[in-house]
Amino acid sequence: MAEREQPRDELTTRLGQGRNEVDRQSAIIIQAFADRFRATDEIGQIKRALGLPLHQPKRFKEMLEEIVSYGTGLGLDPAFLETLFSETHKESLRRQEGL
């Protein structure tokens, strides 16, 4: 019986380690979003000072193509990347409009 429990204990340990890693990576992602939004807030202020529109479809299209290309090269789903960064872009614009 002890032989059967050991693999389960090992799996339970690995599960905990995996969850800790996911939590660590989630914190990194949240920090990256905070950093990104600080940068896009500054861009919004610069656009306003230059009299440029906040939404620039050509720039967004180019950025999205680069992101999807890079992400799919890392094995990520292109539809997921498009959704994630479309929503991120919407939030950036929402924040810029409030500046």
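Above this text sits the structure in question.
Residues numbered from 1 in each chain as written. Predicted model: local features only at pLDDT ≥ 70, side-chain atom pairs only at ≥ 80, totals over all residues. Heavy atoms only, no water.

Caption draft 1: How the structure looks around the environment of H55. Along the chain, H55 falls in the loop between helix 1 (2-50) and helix 2 (57-73). Assessed through its relative accessible area of 40%, H55 is described here as partly exposed. If we skip the residues at most four places from it in the chain, H55 touches H89 and L93. (Helix = DSSP H or I, 4+ residues; strand = E, 2+ residues; numbered from the N terminus. Buried < 20%, exposed > 50% of the residue type's maximum accessible area, 1.4 Å probe, protein only. Contact = heavy atoms within 4.5 Å.)

Caption draft 2: Inspection of the nonpolar core at higher detail. Grouped together as the largest cluster of nonpolar side chains are 7 residues: F60, M63, L64, I67, V68, L81 and F85. The dominant element in this core, judged by the number of residues it contributes, is helix 2, at 5 residues. Filtering out sequence-adjacent residues up to four positions away, V68 remains in contact with P78, L81 and E82. (Core = buried A, V, L, I, M, F, W, Y, C linked by side-chain atoms within 4.5 Å.)

Caption draft 3: Just the side chain of H89, in detail. Position of H89 among the secondary structure elements: in helix 3 (residues 78-97). Other than its neighbours up to four places away in sequence, H89 contacts H55, F60 and M63.

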